[in-house]
Amino acid sequence: MQPAPPGRVGPTDIRTRAPEPDAVVGCRPRRRRDAGSAAVEFVLVGALLTVLTLGVMQLGLALHVRNTLVDAAAEGARFAALADNSLADGVQRTKQLISAAVGDGFAGDVRAGYDSYLGHPAATITVRTPLPLLGLVGIERGLEVSGHAAVEEAG
């Protein structure tokens, strides 16, 4: 065993030292396998976050459309339930509100009728419309909402 050279601590034994990876005779030098991996990781994580963000935005759009249709159906039912209005007035009012808020494509199938709601006579407006899955395009008649209002009696 040799004494440690100046600047080194402890003994150095040539037999116990591991050879450097590139110093092995007869083998090719090792190459770094992670070269360029940061760019690949960035693309993969970026794509995942983009899909996640677009999914959340699409969910928000679908909920916005649903809430707008529920409000329009309820407003149309209230309008139809007034003493001097008919069901046709409620349907027309609902279609106007839907067309102004989300577009004419969502105001196609609007129906009205009188029935009983919670034990009281009520005007009911039902809207069947596409459920937006990709932008505003989606499953035809995939969303159905109803609005109810107590009927006023003239007198």
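As a reminder, the structure under discussion sits directly above these lines.
Residues numbered from 1 in each chain as written. Predicted model: local features only at pLDDT ≥ 70, side-chain atom pairs only at ≥ 80, totals over all residues. Heavy atoms only, no water.

A look at the side chain of Thr94
Reasoning step 1: You can see Thr94 is positioned in helix H2 (residues 87–101).
Reasoning step 2: Residue class for Thr94 comes out buried when judged on its relative accessible area of 0%.
Reasoning step 3: At 2.8 Å, the side chain of Thr94 and the backbone oxygen of Gly90 are in polar contact.
Reasoning step 4: Setting aside chain neighbours within four positions, we find Thr94 in contact with Ala72, Ala73, Gly76, Val110, Ile125 and Val127. (Helix = DSSP H or I, 4+ residues; strand = E, 2+ residues; numbered from the N terminus. Buried < 20%, exposed > 50% of the residue type's maximum accessible area, 1.4 Å probe, protein only. Polar contact = N/O pair within 3.5 Å; in protein donor to acceptor, adjacent residues only side chain to side chain. Contact = heavy atoms within 4.5 Å.)

Observations regarding the sheet that holds strand E3 (residues 137–150)
Reasoning step 1: Ordered by their spatial adjacency, three strands build an open sheet running E1-E2-E3, and the pairing between neighbours is antiparallel. The outermost strands of the open sheet, each flanked by one partner alone, are strand E1 (109–117) and E3. Taken over all neighbouring pairs, the strand axes of this sheet differ in orientation by 25° on average, direction set aside.
Reasoning step 2: The pairing of E1 with strand E2 (residues 120–134) spans nine bridges and is antiparallel. Each bridged residue has a counterpart across the sheet, and for Asp109 the counterpart in E2 is Arg128.
Reasoning step 3: Contacts from helix H1 (residues 37–81) reach E1, E2 and E3, with the element oriented near 35° to E3.
Reasoning step 4: Those strands touched by H2 are E1 and E2, and its axis lies near 130° from that of E1. (Pairing = 2+ DSSP bridges. Axes fitted to C-alpha atoms, helices over the stretch in contact; angles between N-to-C directions.)

Here we look at the nonpolar core
Reasoning step 1: In terms of nonpolar packing, the biggest core is built from 20 residues, with Val65, Leu69, Ile98, Ile125 and Val127 touching the most fellow members.
Reasoning step 2: Only H1, H2, E2 and E3 provide two or more residues apiece to this core.
Reasoning step 3: Among the elements that take part in this core, H1 stands out by supplying seven residues, more than any other.
Reasoning step 4: Sequence-distant contacts of Val65, defined by excluding residues within four places in its chain, comprise Val102, Phe106, Pro132, Leu136 and Leu143. (Core = buried A, V, L, I, M, F, W, Y, C linked by side-chain atoms within 4.5 Å.)

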